[in-house]
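Examination of the molecular architecture
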Amino acid sequence: MAKVFKKTSGNGGLTLYLGKRDYVDHVDKVDRVDGVVKLDPADFGDRKVFVQLACAFRYGSDDLDVMGLCFRKDIWMQQTQLYPNGEKPALSAMHDTLLKKAGDNAHPFSFEIPNNLPCSVSLQPGPDDKGKACGVDFEIKTYLAKEKNNPDEKIEKKDTARLVIRKIQYAPSQVGAGPKADICKSFMMSDKPVHLEASMEKDLYFHGEAIPIKIKIKNESNKTVKKIKISVDQTTDIVLYSADKYTKCVLNQEFGETVDSNGSFDNTLTITPLLADNKEKRGLALDGRLKDEDTNLASTTMLRQGVEKEVLGILVSYKIKINLMVAGGGLLGGLTSSDVTLELPLNLMHPKPEAE
């Protein structure tokens, strides 16, 4: 194993060990979370040791908590008692490695993450925002308490050790055929229409990969296509108490191609949506980050058929808009200008690493 992640509580009595921080959602199932907690029970007294995995939606900064406002809403939580008389999971190869690393008095645990939970997503803070970013995160916490779930019992920070993990999705190994759409639009004061057809080679692209879009225009009208504009919209669907959906443009690119009356255009235009071009946009969905690791635009959320209504948290999708700016000639040219718009769905994801 290349690396072991560990965190020790302030009192020194609990040390949490994990073999990895990223857990892959394979759509039909999610990697199991296997970990170990090393105990030094000298100062435990009559308190027990618990470990929990929670998926939470975080909104606002930690400062709100001081004012008595909850800034973290648990979407899902599972916990188990480790000591004394803790439940023993079936040991995996990961457990064996971590137990050797931790040494004596180490207790293994396992969690299964349901596949209807969202992936780790953070919403980009504005330039002046402080504290942790809003979004969905997963956290493993081990702590000392007298009872498993007593809301009146105060658990001291020094009696807890916690590590944030990520639930992530990789692109499927099989890429499907790309989307295709067409539109035929007529105009005022023109007998014939403008035909627009757009298509992509495949249905999924990787972050940072150039996206070629094949565009065909047949202009039978008496107007001129002045330019072609391509934009990419990210739609973030926040599903908690009620659905809150909003859309942000992550790319807006103009191409100075003109198509005269009775002319045609058949060519490929290439775009690359990047987070680097959107650093100032507050509320943009990004892939969940661990500490200050660099991240990217959030990956498209892939769902099993039929689970859309069960999923809580943040769902992310993209669409490409192709827009033709069409204007007439003569004195009324500006007044009779119009647009021809077409949309294509876009899936943005990470490739599966070789090791996977």
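Structure report, in brief. (Residues numbered from 1 in each chain as written. Predicted model: local features only at pLDDT ≥ 70, side-chain atom pairs only at ≥ 80, totals over all residues. Heavy atoms only, no water.)

Examining the environment of Asp-31
Within the secondary structure layout, Asp-31 lies in the loop between β3 (22–24) and β4 (33–39). The buried category is assigned to Asp-31, whose relative accessible area is 14%. Sequence spacing of Asp-31 and Ile-168 is 137 residues, and the spatial spacing of their C-alpha atoms is 10.0 Å. In this structure Asp-31 touches Lys-20, Tyr-23, Val-24 and His-26, once residues within four positions along its chain are discounted. In terms of polar contacts, Asp-31 uses its side chain to reach the side chain of Lys-20, at 3.2 Å. (Helix = DSSP H or I, 4+ residues; strand = E, 2+ residues; numbered from the N terminus. Buried < 20%, exposed > 50% of the residue type's maximum accessible area, 1.4 Å probe, protein only. Contact = heavy atoms within 4.5 Å. Polar contact = N/O pair within 3.5 Å; in protein donor to acceptor, adjacent residues only side chain to side chain.)

Overview of the pattern of salt bridges
Applying the stated criterion to the full structure yields 16 salt bridges. Ionic pairing is found between Lys-20 and Asp-31, a salt bridge with its closest N-O pair at 3.2 Å. Here Asp-31 lies in the loop between β3 and β4 and Lys-20 lies in the loop between β2 (14–18) and β3, a separation of eleven residues in the sequence. The salt bridge involving Glu-254 is made with Lys-227; its shortest N-O contact spans 3.2 Å. Linking Glu-254 in strand β16 (residues 243–255) with Lys-227 in strand β15 (residues 224–239), this pair joins segments that are 27 residues apart in sequence. A residue is classified by how much of its surface remains accessible, and Glu-254, at 47% relative accessible area, is partly exposed. With relative accessibility at 28%, the residue Lys-227 sits in the partly exposed group. Each of Arg-47, Lys-158 and Asp-159 takes part in one network of salt bridges that share partners. (Salt bridge = Lys/Arg side-chain N within 4 Å of Asp/Glu carboxyl O.)

Topic: the sheet that holds strand β12 (residues 194–200)
Pairing is antiparallel across the open sheet formed by four strands, whose spatial order is β11-β12-β14-β17. Every other strand in the sheet has two partners, leaving β11 (180–185) and β17 (264–271) as the edge strands with one partner each. Taken over all neighbouring pairs, the strand axes of this sheet differ in orientation by 15° on average, direction set aside. With six bridges connecting them, β11 and β12 associate as antiparallel partners. Directly across from Ala-181, in β12, lies its bridge partner Ala-198. (Pairing = 2+ DSSP bridges. Axes fitted to C-alpha atoms, helices over the stretch in contact; angles between N-to-C directions.)

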